Amino acid sequence: AQTVTQSQPEMSVQEAETVTLSCTYDTSESDYYLFWYKQPPSRQMILVIRQEAYKQQNATENRFSVNFQKAAKSFSLKISDSQLGDAAMYFCAYKGGNEKLTFGTGTRLTIIP
Amino acid sequence: NAGVTQTPKFQVLKTGQSMTLQCAQDMNHNSMYWYRQDPGMGLRLIYYSASEGTTDKGEVPNGYNVSRLNKREFSLRLESAAPSQTSVYFCASSPPWGRNTGELFFGEGSRLTVL
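Note that the coordinates shown come from a computational prediction; the quantities given were computed from them, not determined experimentally. (Residues numbered from 1 in each chain as written. Chains lettered and ligands numbered in written order. Predicted model: local features only at pLDDT ≥ 70, side-chain atom pairs only at ≥ 80, totals over all residues. Heavy atoms only, no water.)

Our focus in this paragraph is the interface of chain B and chain A. Each partner contributes residues to the interface: chain B has 30 residues there, and chain A has 22 residues. Carbon and sulfur atoms supply 53% of the area that chain B and chain A bury against each other, a total of about 2100 Å² over both sides. Where chain B packs against chain A, one counts 1 salt bridge. With its nearest N and O atoms 2.8 Å apart, the salt bridge here joins Glu103 of chain B to Arg50 of chain A. Between chain B and chain A we count 8 residue pairs in polar contact (both at pLDDT 80 or more) in total. For the side of chain B that touches chain A, the elements supplying multiple residues, two or more each, are strand 4 (31–38), strand 5 (42–49), strand 9 (87–94) and strand 11 (110–114) of chain B. When grouped by side-chain class, the residues that make up the side of chain B that touches chain A number 14 nonpolar, 11 polar and 5 charged. (Contact = heavy atoms within 4.5 Å. Buried area = accessible area lost by both parts, 1.4 Å probe. Salt bridge = Lys/Arg side-chain N within 4 Å of Asp/Glu carboxyl O. Polar contact = N/O pair within 3.5 Å; in protein donor to acceptor, adjacent residues only side chain to side chain. Helix = DSSP H or I, 4+ residues; strand = E, 2+ residues; numbered from the N terminus. Nonpolar A, V, L, I, M, F, W, Y, C, P; charged D, E, K, R; others polar.)

Okay, here's the thing in structure tokens:
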């Protein structure tokens with residue numbers, strides 16, 4: 001079974017600074033997707049960024065980028081120029097061939113004004 | 001532009017009572033899911049349905065039943081609620097594996113409290 005590990009229950013960053021959230025996963029599959037979801041206080045799960053395992057290039061969405069290390073099974077999220085609206089729970093997630101999405105336990109990000 | 005709609009948003013039950021959480025999606029997705037979210041544990045899969053007429057157990061199915069009524073609707077039933085089922089429940093849907101991005105689309109969640 002696939003597992004997703006987020007080892008940082010909480011992180012904080014000064015507004016306008018850069019922060020990196022860590023995620024590792026375990027799988028025997030070669031074809032899969034990785035995601036970062038954001039959950040603000042409203043509870044709505046919002047997709048931040050996705051990465052296809054077959055792509056070597058790291059995904060980027062504006063201020064959000066990932067460092068995908070397939071051999072190391074690592075998938076970290078970097079948030080540049082942090083903004084107050086980035087404060088939320090962030091979940092790393094894995095989706096393989098069985099269509100089930102497996103989540104990590106989440107990292108609560110606080111933005112310090 | 002509704003996406004995934006869950007009802008009710010909030011519910012308080014007494015131990016032993018039953019209830020059904022309703023979920024509907026209007027995106028013509030094949031796959032639908034029910035997750036529960038508990039502090040420190042992330043989201044855990046209860047049941048999922050890869051297509052109309054099929055359902056499969058996830059990580060934490062005990063105490064729950066599901067019905068894939070049609071392609072749009074996927075309900076979650078608690079037959080005899082227990083305090084351990086106090087949680088926030090999320091319904092989600094996705095296109096078939098291999099199409100689009102593999103992304104799940106989530107409802108807004110339903111907070112259930114069992115006293």
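After presenting the structure, the write-up continues.
Another aspect to go through is the state of the cysteines. Residue and element names in this part refer to chain A. Counted under the stated rule, the structure contains 2 disulfides over all chains. Put simply, Cys23 and Cys92 are joined by a disulfide, and their sulfur atoms are 2.0 Å apart. Handedness here is read from the sign of the S-S torsion; for Cys23 and Cys92, about -70 degrees, the answer is left-handed. With a gap of 69 residues between them, Cys23 in the loop between strand 3 (19–21) and strand 4 (24–26) and Cys92 in strand 10 (residues 88–95) connect regions that are remote in the sequence. Across the pair, exposure class does not vary: Cys23 and Cys92 are buried alike. (Disulfide = S-S within 2.5 Å. Buried < 20%, exposed > 50% of the residue type's maximum accessible area, 1.4 Å probe, protein only.)

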